[in-house]
Amino acid sequence: MLFLEIRRNRKLAARRSPMFEKNRFAKVFMYCGIAFWAAYLLFIGVILPFAFQESFPGMEPYHILNQGLVIILAIDFLIRFMLPSSIQEIKPYLLLPVPKRKVIFTFLLDKLWHPFNFFWLFLFIPFALITITRFYGITGVIGYAVGIWLLMVMNGYWSTLICTLKREKFIYFLGSILFYGILALLEFLPETGWISTLTMNWGEGFILWNPLSFGGAIILICLLLFINYIVQLHFLYKELSHTEDTKIKHISSYKFLDRYGNVGEYMRLELKMFFRNKAPRSQFWGFIFIMCMFAIALASDVYGDSYMNNFICLYCYCILGLMTLNRIMTFEGNYIDGLMVRKESLYNMLRAKYYLQCIFLVIPFLFSLIPVCMGTIPLLMSIAYLCFTMGTIFAMMMQMAVYNNKTAPLNTNTIGKQQGNNMYQSLIVICAFSLPLLINKALTLFLDETTAYIILIILGLSGFVTHRYWIHNIYVRLMKRKYQNMEGFRNTR
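Residues numbered from 1 in each chain as written. Predicted model: local features only at pLDDT ≥ 70, side-chain atom pairs only at ≥ 80, totals over all residues. Heavy atoms only, no water.

Remarks on the pattern of salt bridges
- Inspection of the entire model under this criterion finds five salt bridges.
- Among the salt bridges present, the one from glutamate 60 reaches arginine 134, with a minimum N-O distance of 3.2 Å. In this pair, glutamate 60 sits in the loop between α2 (23–55) and α3 (61–67) while arginine 134 sits in helix α8 (residues 133–168), placing the two residues 74 residues apart along the sequence.
- The salt bridge involving lysine 353 is made with glutamate 270; its shortest N-O contact spans 2.9 Å. Taken together, the positions of lysine 353 in helix α16 (residues 345–360) and glutamate 270 in helix α12 (residues 261–276) put the pair 83 residues apart, joining distant regions of the chain.
- The exposure class assigned to glutamate 270 is buried, which follows from its relative accessible area of 8%.
- Taken together, the shared-partner salt bridges connect Glu270, Glu332 and Lys353 into one network. (Salt bridge = Lys/Arg side-chain N within 4 Å of Asp/Glu carboxyl O. Helix = DSSP H or I, 4+ residues; strand = E, 2+ residues; numbered from the N terminus. Buried < 20%, exposed > 50% of the residue type's maximum accessible area, 1.4 Å probe, protein only.)

Okay, here's the thing in structure tokens:
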């Protein structure tokens, strides 16, 4: 009963939201994207059996795919990690005569039917229809599909556990890296192959409706469900009691910023927010980690392809800015009334945010010097993407300050609220992700690489030199919407 009531309340909350009509535009883009990737997975699922038959003539295609199940689960985990992490909207239920334990358990059970758990079936079902029906019929396909769904549910609970711990302290994410490192060690040690053998037999057990295969998946799901329940219950009581407020040991004053006046004050405020508050701190270190992964991929020359190196180098620079500026002003919604007290406070704050994002670009630039020294990428490419990110991509993403009007919690994740984008936000984010590569591709089609990089540098430096003018334009447009935005911030605290 509580499960159905929570689902009903979620639907009513979405329909009663003032952003319901505006979000229809974003939903169209989302559905088009889902349809594209579903069609892509269907295509892969159809051609994969024939590719496996040619490459591995001595084995059945479903044995080959089952040996790589752990790779698919790792990719699934990475995608879930990079997607916006779900927040349990438990706060409205704390005032009702419903046990907190029951509410948390119900929220976790709801994850069984998360749409993403079914998404990989677009790959596995056509693959199974081609390779499994001739041996085991349609019952084998059904068993295989149910087994894959159970594995995705298990992976979903594993991802939820890591994301919950990561929001508390990012160092917990290293546990997942250690886990996958152990799996790789067990697989690639000489004369082992334990993991691929295990997953091959596990997948075949699903096809044969082996109770041990289904029982093992269900036991792991129940174990991860129980661990998630314990962890989330612990963090719920911790957030309700605010016990973390008494554990501050050191406060940095960042006195070197005093010389920059009001802009320096807001830079100090931004730094304190990144390194003290739980939600922005977790987000910051998470994208620093992704940035490091991009840099390692560049240094190791995994792809050895010019286009992929361009792609990785560009997003090595802009990933942090794209994801943090996407939520610009949302954390400030917690104290937006204080920012409105003094004239041009928001203008100085926007400048401070821009300057800090530009300073953070030093991190990927230093990382990119490694592949530059190794000869993987040219130095001019790295400088071009640094300038283009600083002057063009950041200018585009900072437009979000005008349209963001939902408050994001600074320290709570268990009792927080889900925040969605409206159509303007979705359009700006899509353009910021896609336009850089389109511009780069267009330039390299008509010009040589050196000329294309020089044009990117000129575009970036032009945006940086004129930053005071376009930031002031953002400030003027923001002030025209200040009452509308302040109402949104207050209603979503």
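Let us keep going from here.
Re helix α18 (residues 379–397)
- For α18, spanning 19 residues, the distance from its first C-alpha to its last is 26 Å, which sits close to the expected 27 Å at 1.5 Å a residue.
- The buried fraction of α18 is high, at 14 of 19 residues. (Expected span 1.5 Å × (residues − 1).)

Quick word on unusual backbone geometry
- Here tryptophan 209, not a glycine, exhibits a phi torsion of approximately 55°, which is positive.
- Look at tryptophan 209 and you get partly exposed, because its relative accessible area is 42%.
- Positive phi outside glycine occurs at methionine 329, with the angle close to 80°.
- Locating methionine 329 in the fold gives a position in the loop between α14 (306–325) and α15 (336–339).
- Here methionine 329 falls in the buried class, since its relative accessible area comes to 1%.

Some points on the nonpolar core
- Ranked by internal contacts, the top residues of the largest apolar core, which has 136 residues, are Phe124, Tyr144 and Tyr354.
- At 16 residues, the largest contribution of residues to this core is made by α8.
- Not counting residues up to four positions away in its chain, the partners in contact with phenylalanine 124 are Leu65, Leu69, Ile72, Tyr144, Ile148 and Met152. (Core = buried A, V, L, I, M, F, W, Y, C linked by side-chain atoms within 4.5 Å. Contact = heavy atoms within 4.5 Å.)

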